[in-house]
Amino acid sequence: MASEKEAALAAIPSDSPTIFDKIISKEIPASIVYEDEQALAFRDISPQAPVHIILIPKVKDGLTGISKAEEKHCAILGRLLYTAKIVAEQEGLEKGFRLVINDGPDGCQSVHHLHFSRLRFSVVLSFGCVKGNPN
């Protein structure tokens, strides 16, 4: 299995539908935990924590990563943060959780569709591309 960094380096941005686009269109099944007209949240198929949920906007509108954000994306970015709170409550994560956005190859982004990972750890773990750096 490729490392997170290797997967990110192998990912090539394109206009083709991503795996997340296929989940939104229901071409690929997913364990959906929340859906509204703007956002979709589903369980990660390769969880890195006891609770690992992916949260995505349903329409990319050029927002393939946080570094691509423009002022026109402020509303959806705010909506995604609020949706993260709703899903955290629904999942019983009142004591806390982590939101992660991987951006670009050095940030280990392997799917070119903006997404938040919501993680809850039962123990303190290092998460990210740089060993020992949980940020």
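Structure shown above.
So, a few notes on the structure that sits alongside this text. This structure is a prediction, so every number in the text was calculated from the model and none was measured.

Okay, the packing of aromatic side chains next. In the structure shown here, the tally under the stated rule is one aromatic pair. Taking the centre distance of 5.7 Å and the plane angle of 65° together, the rings of Phe 20 and Phe 42 count as edge-to-face. Taken together, the residues span a long stretch of sequence, with Phe 20 in helix H2 (residues 19-24) and Phe 42 in strand E2 (residues 39-43) at a distance of 22 residues. Comparing Phe 20 with Phe 42 shows no difference in burial state: the two are buried.

The grouping of Leu 81, Phe 97 and Leu 99 at the surface amounts to a nonpolar patch, some 250 Å² of accessible area in total. Relative accessible area serves as the criterion here: at 48%, Leu 81 is assigned to the partly exposed category.

In an α-helix, one full turn covers 3.6 residues, which means residues spaced three or four apart are oriented alike. Compared with the 24 Å implied by 1.5 Å per residue over 17 residues, the 24 Å span of helix H3 (residues 74-90) between its first and last C-alpha is a close match. Among the residues of H3, Ile 76, Leu 77, Leu 80, Thr 83, Ala 84, Val 87 and Ala 88 are the ones counted as buried. One side of H3 carries all its buried residues, which in axial view fall inside an arc of 140°. Gly 92 sits one or two residues past H3 and shows a positive phi near 75°.

What follows is about unusual backbone geometry. Positive phi outside glycine occurs at Lys 26, with the angle close to 70°. Its identity as a non-glycine residue notwithstanding, Asp 61 has a phi of 50°, on the positive side. Here Asp 61 lies in the loop between strand E3 (51-57) and H3.

Turning our attention to the pattern of salt bridges. For the coordinates displayed, the defined rule picks out seven salt bridges. For the salt bridge of Arg 79 with Asp 36, the shortest nitrogen-to-oxygen distance reads 2.4 Å. One end of the pair, Arg 79, is in helix H3; the other, Asp 36, is in the loop between strand E1 (32-35) and E2, with 43 residues separating them in the sequence. Residues Arg 43 and Glu 91 are paired through a salt bridge, measuring 3.0 Å at the closest nitrogen-oxygen approach. In this pair, Arg 43 is assigned in strand E2 and Glu 91 in the loop between H3 and strand E4 (98-100), connecting sequence segments 48 residues apart. Taken together, the shared-partner salt bridges connect Lys 26, Glu 35 and Lys 58 into one network.

Residue placement: Pro 29 occurs in the loop between H2 and E1. Distance from Pro 29 to Phe 42, taken between C-alpha atoms, is 10.0 Å for residues 13 residues apart in sequence.

Moving on, we come to the environment of Glu 35. The topology assignment puts Glu 35 in strand E1. Residues Glu 35 and Pro 57, 22 residues apart in the sequence, show an inter-C-alpha distance of 10.0 Å. Sequence-distant contacts of Glu 35, defined by excluding residues within four places in its chain, comprise Lys 26, Leu 40 and Lys 58. A distance of 3.1 Å separates a polar atom in the side chain of Glu 35 from a polar atom in the side chain of Lys 26. In terms of polar contacts, Glu 35 uses its side chain to reach the side chain of Lys 58, at 2.8 Å.

Thresholds, definitions, all that
- Per chain, the residues get numbers from 1 upward, laid out in the order the sequence is written.
- Restriction of local features to residues with pLDDT of at least 70 applies here, the model being predicted, together with a cutoff of 80 or more for giving and counting side-chain atom pairs; totals for whole chains, interfaces and linings are based on all residues.
- Each side-chain value is derived from all of the structure's non-hydrogen atoms; neither hydrogens nor water enter the calculation.
- Centres within 6.5 Å are what make two rings of Phe, Tyr or Trp a pair, Trp counting through its six-membered ring; a difference in plane orientation under 30 degrees is then read as stacked, over 60 as edge-to-face, and the rest as tilted.
- A run of DSSP states H or I qualifies as a helix once it reaches four residues; a run of E qualifies as a strand once it reaches two. Both are numbered from the N-terminal end.
- Categorising residues by exposure relies on relative accessible area from a 1.4 Å probe, with only protein chains included: less than 20% of the type maximum marks a residue as buried, more than 50% marks it as exposed, and the intermediate range marks it as partly exposed.
- Exposure above 30% relative accessible area and the absence of a salt bridge qualify a residue for a patch, where like charges join within 9 Å and nonpolar side chains (Val, Leu, Ile, Met, Phe, Trp, Tyr) within 5 Å.
- Every accessible area reported is derived by Shrake-Rupley at a probe size of 1.4 Å, with residue values counting cover from the shown protein chains alone.
- For this analysis, a salt bridge means a side-chain nitrogen from Lys or Arg found within 4 Å of a carboxyl oxygen belonging to Asp or Glu.
- Expected span of a helix, by definition, is 1.5 Å for each gap between consecutive residues, and there is one gap fewer than residues.
- By construction, the arc corresponds to the directions joining the helix axis to the C-beta atoms.
- Two residues qualify as a contact provided that any one of their heavy atoms is within 4.5 Å of a heavy atom in the partner residue.
- In the analysis that follows, any N or O atom pair within 3.5 Å is treated as a polar contact, provided that within protein one partner can donate a hydrogen and the other can accept it, and provided that, for residues neighboring in sequence, both atoms belong to side chains.

These values are about where atoms sit, not about what they do.
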